[in-house]
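The chain contents come next:
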Amino acid sequence: MSEKYHIFGYKSIFKYKRFDIVKKRIAIFASGSGSNAQKIMEHFKYSSLAEVALVLSNNPEAYVLQRADNFEIPSHVFDRKTFYESDEIVDILKRLEIDLVVLAGFLWLVPERLLKAFPNKIINIHPALLPKFGGKGMYGDRVHQAVLAAGEEEHGITIHFVNEKFDEGEVIHQAKFKIENGDTLEILKFKGQQLEHQYFPKVIENLLKKYN
Ligand code: GRF
């Protein structure tokens, strides 16, 4: 099945127009498992405010693609050259009338062409309390390891706008928890993930409510 067929193969993609219900449209970028993407797709499945219109990944093996399929949400896989050297991704997002781009475990830096096409409409979630423990190479277990090594008293998550640098855009929301004596990397990861799942869909919803 070609990628293009995969995107536009679902008849439901333009459904909202036929019924004249103008829902906000979300595109999710993810490189891996997609547990956050799952929570977002669940949250908006029956929403009258918004829908997840497309899931995009740079990784053809990413489990997030299976999750999208389970929700009958179209997906699109792209490579580095396409992402950084062509307008293809911007064209797809514009054609699908995407209102908000959500990075949920997406590991590549967003190119300027995409930032310009969606000013203040691209957000990311990071598993630490930015500005601490962010930047290039700070993802996954490395973040929690660094937090433990630094002897921090608290840890948490940050949802922020995306700019041209890793993890440096304006903060939209943070949630935190206290680190207990004996907390391991796995425990920090679990507690952080609970917060991500709890807050990310709600923050997206609140943001979309502000758009006209
Ligand atoms: C999350 O911890 C998020 O903060 C980070 O990447 C991870 C993605 O996890 N940006 P998942 O694929 O949503 O489970």
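In this text the structure is predicted, and so the values were computed from the model without any measurement. (Residues numbered from 1 in each chain as written. Predicted model: local features only at pLDDT ≥ 70, side-chain atom pairs only at ≥ 80, totals over all residues. Heavy atoms only, no water.)

### Some words on the side chain of Asn-36
Part 1 of the argument: Tracing the chain through its elements places Asn-36 in helix α3 (residues 35–44).
Part 2 of the argument: Relative accessible area serves as the criterion here: at 9%, Asn-36 is assigned to the buried category. (Helix = DSSP H or I, 4+ residues; strand = E, 2+ residues; numbered from the N terminus. Buried < 20%, exposed > 50% of the residue type's maximum accessible area, 1.4 Å probe, protein only.)

### A word on the site of the ligand
Part 1 of the argument: The immediate surroundings of the ligand are formed by Ser-33, Gly-34, Ser-35, Asn-36, Gly-105, Ile-125, His-126, Pro-127, Gln-193 and Glu-196.
Part 2 of the argument: Separating an oxygen atom of the ligand from a backbone N or O atom of Pro-127 is a distance of 3.4 Å.
Part 3 of the argument: Starting from 370 Å² of accessible surface for the ligand in isolation, the protein chains cover 78%.
Part 4 of the argument: Taken together, the elements giving at least two residues each to the shell around the ligand come down to α3, β5 (122–126) and α9 (185–210).
Part 5 of the argument: Here the shell around the ligand is built from residues that sort into 2 nonpolar, 7 polar and 1 charged. (Near = heavy atom within 4 Å. Polar contact = N/O pair within 3.5 Å; in protein donor to acceptor, adjacent residues only side chain to side chain. Areas by Shrake-Rupley, 256 points an atom, 1.4 Å probe, with all protein chains shown as cover. Nonpolar A, V, L, I, M, F, W, Y, C, P; charged D, E, K, R; others polar.)

### Notes on the pattern of salt bridges
Part 1 of the argument: Under the counting rule described, the total for this entry stands at 10 salt bridges.
Part 2 of the argument: Here Lys-116 ties to Glu-112 by a salt bridge, and the two come within 3.0 Å at their closest N and O atoms. Within this pair, Lys-116 and its partner Glu-112 are both found in helix α7 (residues 112–117), separated by 4 residues, close to a single helical turn. Just as Lys-116 is exposed, Glu-112 falls in that class too. (Salt bridge = Lys/Arg side-chain N within 4 Å of Asp/Glu carboxyl O.)

### Some remarks on the UniProt feature "binding site: N(1)-(5-phospho-beta-D-ribosyl)glycinamide" (unreviewed entry) in the protein chain
Part 1 of the argument: Following the UniProt record, one finds the feature "binding site: N(1)-(5-phospho-beta-D-ribosyl)glycinamide" (unreviewed entry) at Gly-34, Ser-35 and Asn-36.
Part 2 of the argument: Structurally, Gly-34 can be placed in the loop between β1 (24–29) and α3.
Part 3 of the argument: A relative accessible area of 10% places Gly-34 in the buried class.
Part 4 of the argument: What Gly-34 contacts, discounting residues up to four positions off in sequence, is Val-64 and Arg-67. (UniProt positions renumbered as here; feature names shortened; annotations may be inferred. Contact = heavy atoms within 4.5 Å.)

### A word on the UniProt feature "domain: Formyl transferase N-terminal" (unreviewed entry) in the protein chain
Part 1 of the argument: Under the UniProt annotation, "domain: Formyl transferase N-terminal" (unreviewed entry) lies at residues 24–204.
Part 2 of the argument: For residues 24–204, the end-to-end C-alpha separation is 11 Å, with 37% helix and 23% strand making up the annotated structure.

### Some points on the packing of α3 against helix α4 (residues 63–70)
Part 1 of the argument: The geometry of α3 relative to α4 is characterised by a closest axis approach of 9 Å and an angle of 15° between their N-to-C directions. Relative to α4, α3 is oriented roughly parallel. With respect to the hand of their crossing, α3 and α4 are arranged in right-handed fashion. Across from Ser-35, Ala-37, Gln-38 and Met-41 in α3, the residues of α4 making contact are Val-64, Arg-67 and Ala-68.
Part 2 of the argument: Here the contact of α3 with α4 is composed, by residue class, of 4 nonpolar, 2 polar and 1 charged. (Axes fitted to C-alpha atoms, helices over the stretch in contact; angles between N-to-C directions. Parallel < 35°, antiparallel > 145°, perpendicular 65-115°, else oblique. Left-handed = near helix turned anticlockwise from the far one by under 90°.)

### Here's the deal with the packing of aromatic side chains
Part 1 of the argument: Considering all chains together, one arrives at 11 aromatic pairs under this definition.
Part 2 of the argument: Taking 5.3 Å as the distance between ring centres and 65° as the angle between the ring planes, the aromatic pair formed by Phe-29 and Phe-106 counts as edge-to-face. Residue Phe-29 is found in strand β1, and its partner Phe-106 is found in the loop between β4 (100–103) and α7; the two are separated by 77 residues along the sequence.
Part 3 of the argument: The exposure class of Phe-29 is buried, given its relative accessible area of 1%.
Part 4 of the argument: Residue Phe-106 is classed as buried on the basis of its relative accessible area, which comes to 8%.
Part 5 of the argument: Ring geometry for Phe-78 against Trp-108: centres 6.0 Å apart, planes inclined by 70°, an arrangement best described as edge-to-face. Of the two residues, Phe-78 is situated in the loop between β3 (75–77) and α5 (80–85) and Trp-108 in the loop between β4 and α7; the sequence distance between them amounts to 30 residues.
Part 6 of the argument: By relative accessible area, Trp-108 is classed as buried at 14%.
Part 7 of the argument: In textbook terms, an aromatic cluster arises when at least three aromatic residues are bridged by ring pairs, as seen for Phe-29, Phe-78, Phe-83, Tyr-84, Phe-106 and Trp-108. (Phe/Tyr/Trp six-rings, centres within 6.5 Å; stacked < 30°, edge-to-face > 60°.)

### Topic: the confidence of the model for the protein chain
Part 1 of the argument: On average, residues of the protein chain score 92 in pLDDT, and 90% of them reach the 70 mark or higher.
Part 2 of the argument: For the stretch residues 1–6, pLDDT sits under 50, and the model shows 7 contacts to residues farther than four places along the chain or on other chains.
Part 3 of the argument: Within the model, pLDDT remains below 50 along residues 8–12, and this stretch shows 7 contacts once partners closer than five positions in the same chain are excluded. (pLDDT = per-residue confidence, 0-100.)

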